[in-house]
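If you want the building blocks of each chain, they are given just below.
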Amino acid sequence: MSTPAFLDSTEYPFAQIERDTQAYWAKHDSFRTYEHIKPKDKAKPKDKFYCLAMFPYPSGKLHMGHVRNYTLADVIARFQTLQGKQVLHPMGWDAFGLPAENAARLHHCAPADWTKRNIDDMRGQLQRLGFSYDWSREIATCHPDYYRWEQWFFIQLYQKGLVYRKQSIVNWDPVDQTVLANEQVIDGKGWRSGAPVERREIPQWFLKITDYADELLEDLAQLTEWPEQVRTMQANWIGRSQGLALDFAVVEHSQALSVYTTRPDTLMGVTYLAIAGKHPLALIAAQHSADIQTFIQSCDLGKVAEADLATATKRGINTGLFAVHPLTQEKLPIWIANFVLMEYGSGAVMCVPAHDQRDWEFAKAYQLPIRAVIRPAEQSNVDITQEAFTEKGVLFNSGEFDDLSSAQAFERIADQLSQQGIGQRQTHYRLRDWGVSRQRYWGTPIPMIYCQHCGTVPVPEGDLPVLLPTNIQMDDSGRSPLHTDASFHQVNCPNCQQPAKRETDTFDTFMESSWYYARFTAARENNTMLTQAANDWLPVDHYVGGIEHAVLHLLYARFFHKLMRDMGLVNSDEPFKRLLCQGMVVSDTFYRTDPDGKRTYFYPHEVTLTRDDKGRPLQALLIADGLPVHMGGIEKMSKSKNNGVDPQQLIDRYGADTVRLFILFAAPPDQSLEWSEAGVEGAHRFLKRLWRQVQSHQQQVQLHQPPLPTPAEAASISELKDVRRKIHSTLQKATDDLGRRLTFNTAIAGVMELFNTLQKLEGSDANICAIRQEGLEIIVLILAPITPHIGHVLWQQLGYREPLHQTPWRQADTNALLTDSINWAIQINGKLRGQLTTALQIEEADLIAQAKAVSSVAKFLENQTLVKTVMVAKKLVNFVVRAN
């Protein structure tokens, strides 16, 4: 490689370095990964390593959360490349979704055009950051060559009975004209529109994820390299429970009221039953009561997420109907309650207010009986005056079941009800089948046709893909234009050729993100969904993304992978071997409150801070008027609070390597990163110092006739031997930090310590130059995955022609790590009192004598009787003493 002229500069020309380095990578296709692994030595094939960061939605501009996520993944990918592995590191775009429709309406353009422009802009930003992506595999989920295979796969699942369509009660946003997931309903309103959400019953397409509930739960045990928190969240979401399904006879009705409970031990404490507003018994009761009709309508506008239902005010109305307790024959009132939904279980629950907090709150509100039947094992009674007692314990007030433990009572009551034919043990799941249809335009068309003669008919494989029309203009109605586009929805039935109608719903965007990782292995394949390459590369060895995707995305991707396995497309059970969930990027917030209570937030650069002598902020003043603003504390970067930082501005000012270095040094990957402009400047100063040090070193090297002594030869001098030990101990630790531990911040800290050590080497003789040369090479090598641009250039300046990203990682020299001395901790009665350095080989008597002579130790031995001396080899000496 030719040496650029700017290498003679003593300043750090980051802009030119990064521009030229990226041009080199592009010219030489440096990060292209080929389908078949082609090692130079075919007898020793390279190990594969598939590194992937969760792909972004193309919003048009990167934020610091993106930068952190993709920098972490890039370091992992680059490090594994230096380890000699064949690395796949692709990038793509999660390009469908409602935000594009809303933006298109706002900007009076087509969602396809808006999305394409954003992809182009964000691709350029990613390239400026120097990420080692194989851009030849780039995918966008809105491209027909991607979603065609999603449609094909859906049809295969339909034919296997894993897809069905049914009427379903959904959360309907009347403004966005679409179905919302429970998690998208906040305080009863749509998360984007803010409109009150309605409960509607419409036909929806579902995937049978519940058929895989047991496997999804049990296979969590395989994911030993996932965070325990994520595995727990998934297990809770699946929510497998063992319980009892039982029937309560309804007075004057032939149909029993079926409920499911995980606590049959509390059965003798049931004082009422609650049903959903859409339950058949509720609808019967509503026929005779306008009040009940009104209450049911209000339930349709209520909160629907389980978390919201748990905290919402408990409301209900008495139906006037009664159920019969299956054991005591007591008549129990049946209420309609806002915390019961038809889509969960049977739409009815038995209520035990003494032992369920939700039931307790409802009973208190409506003055219903509360009967305690479970007490703590160590007590004779239980206090339920302030709240329910929800723990398991020992039964009382339960007739023949008194004094049984909760576990014993579960079995006894289940046996008795089973024998009577009114109860049976069942396994239930919190998980529900995945509703995948959305009433929006910008998504993958669902490949189904409705014919009056033939019913529901899949689109023939030869007619795929069902193309989404892109030359449309969004109007302000919120309604999908597919409903009014006759050229799209008016088709002939592929079976009978009679006029039919195409499905106008599109897929939930989680469908696209549930298999994209597999498509990267066959991104340019036009004849099949996946190839053998999927089995060569999968599972993904390291997946990086936010904890906010811990449940839905990761659960759906695991489900999709098992579906693809069972279709013979992949041969592994799980998609992602190791998972890293990075922490948030947070920064200061500043605001003023208007008279009406509305907050106006200001950017950090609009505010000046006064601090105390310890650097803690005392007051914030708005630069524009010099008046105080409130300090809102540290929060996640967001546009709404004006506390974000534009990555592009930072790159222009400091360079991509500085941004990458700060992002990785400021905090461990899985913890929140607190933004600091001073920290960014500090990272930039370090790179400038490194640049100048290499420049100075090269000038000193030129004073000597080559070659320099080997580092081992140069280290014959005692002082240089210690420096070389520092070099190789730093390399040894950084190898572990970058590979196994993923503590990039500690690897960088080690590099900075080593750099400071090298700077203390004074003089320019050949031995010093040889040790400094090795130290700088190790620094540049360790930083290669972190600051790849400056590393690429400094590697050349240090005398190497092979590009740094193709350089094999070095192993620490075990001989250099050996030491001639040893440091001892000296304790008295277990408390550290001093330090001692001795020769590596020392007689025990000499060691004890020298330890006693350490001044900080000797004073604690005065007027003391030595009881015994405890030694830990090569670590410490502990004198056990007592006073005279």
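Since the structure is predicted, the reported quantities are computational estimates derived from the model, not experimental observations.

Even after reading the chapter, I still don't get the packing of aromatic side chains, so can you show me in this structure?
Aromatic ring pairs: the centre-centre distance and the angle between the two ring planes describe each pair. A complete count under the given rule lists 36 aromatic pairs for this structure. With centroids separated by 5.5 Å and ring planes inclined at 65 degrees, the aromatic side chains of Y212 and F559 adopt a geometry described as edge-to-face. Placement of Y212 in the loop between β9 (198-207) and α6 (213-218) and of F559 in helix α17 (residues 552-566) is noted, with a sequence separation of 347 residues between them. The pair formed by Y212 and F559 is uniform in burial state, with each residue classed as buried. Put simply, the rings of F153, Y212, W434, F510, Y556, F559 and F560 touch in pairs and so form one group of aromatic residues.

I would appreciate a short explanation of the pairing of strand β32 (residues 628-636) in the present structure.
Remark: a regular strand shows side chains that alternate across the two faces of the sheet. In the sheet, strand β28 (residues 585-593) pairs with β32 via six bridges, with the strands oriented antiparallel. Across the sheet, residue T589 finds its bridge partner in β32, namely G633. Taken together, the two bridges between strand β31 (residues 617-622) and β32 define a ladder with antiparallel strand orientation. For A620, the partnering residue across the bridge sits in β32 and is V629. Between the antiparallel neighbours β31 and β32 lie five residues, among them G626 with a positive phi of about 75 degrees.

Explain the environment of A195 here, please?
For A195, the position within the fold is in the loop between β8 (189-190) and β9. On the accessibility criterion, A195 (9% relative accessible area) is buried. Taking the C-alpha atoms as reference points, A195 and D176, separated by 19 residues in sequence, lie 8.7 Å from one another. Not counting residues within four places of it along the chain, the set of residues in contact with A195 comprises D173, P174, V175, G188, K189 and G190.

What should I look at first to understand helix α12 (residues 406-420) in this one?
An α-helix turns once every 3.6 residues. As a result, residues three or four positions apart point the same way. Between its first and last C-alpha, α12 extends 21 Å over 15 residues, near the 21 Å set by a 1.5 Å rise per residue. Within the sequence span of α12, burial applies to S406, A409, F410, I413, A414 and L417. Along the axis of α12, the buried residues cluster in a sector spanning 125 degrees; they form a single face. Along α12, exposed side chains directed more than 90 degrees from the buried face belong to A407 and Q419. In this structure, the buried side of α12 is in contact with β10 (241-250), β16 (374-375), β17 (394-395) and β18 (423-428).

Just to check I follow, could you spell out the packing of helix α18 (residues 647-654) against helix α20 (residues 677-701) for this structure?
For any two helices packed against each other, one specifies the crossing angle of their axes together with the interaxial distance. Taken N-terminus to C-terminus, the directions of α18 and α20 make an angle of 35 degrees; their axes are 11 Å apart at the nearest point. Crossing of α18 against α20: the hand is right-handed. Contact residues: α18 offers L650, R653 and Y654, while α20 offers E677, V680, E681 and H684. When the residues that make up the contact of α18 with α20 are grouped by side-chain class, the tally is three nonpolar, one polar and three charged.

Explain the nonpolar core here, please?
Soluble, globular proteins show a tendency: their nonpolar side chains are buried together. Within the largest apolar cluster, 176 residues are counted, with the highest numbers of intra-cluster contacts made by F154, L207, Y517, M564 and W675. Those residues within four positions of Y517 in sequence are excluded, and the remaining contacts are Y50, L52, L538, V540, A557, H561, M564, P575 and F576. Counting 43 residues, the second largest nonpolar core, distinct from the first, contains L267, V270, F396 and A409.

How do you make sense of the sheet that holds β9 when you look at a structure like this?
Across a sheet, paired strands are connected by hydrogen bonds in the backbone, their directions being either parallel or antiparallel. Strand order across the open sheet formed by four strands is β6-β5-β9-β19, with antiparallel pairing between neighbours. Each edge of the sheet is formed by a strand with only one pairing partner; in this case those strands are β6 (178-180) and β19 (434-435). One ladder, built from 10 bridges, connects strand β5 (residues 163-173) with β9; its direction is antiparallel. Paired with R165 across the strands is W205, a residue of β9.

Definitions and limits used
- Residues numbered from 1 in each chain as written.
- Predicted model: local features only at pLDDT ≥ 70, side-chain atom pairs only at ≥ 80, totals over all residues.
- Heavy atoms only, no water.
- Phe/Tyr/Trp six-rings, centres within 6.5 Å; stacked < 30°, edge-to-face > 60°.
- Helix = DSSP H or I, 4+ residues; strand = E, 2+ residues; numbered from the N terminus.
- Buried < 20%, exposed > 50% of the residue type's maximum accessible area, 1.4 Å probe, protein only.
- Pairing = 2+ DSSP bridges.
- Contact = heavy atoms within 4.5 Å.
- Expected span 1.5 Å × (residues − 1).
- Arc of directions from axis to C-beta.
- Axes fitted to C-alpha atoms, helices over the stretch in contact; angles between N-to-C directions.
- Left-handed = near helix turned anticlockwise from the far one by under 90°.
- Nonpolar A, V, L, I, M, F, W, Y, C, P; charged D, E, K, R; others polar.
- Core = buried A, V, L, I, M, F, W, Y, C linked by side-chain atoms within 4.5 Å.

None of the figures reported here should be taken as evidence of function without further support.
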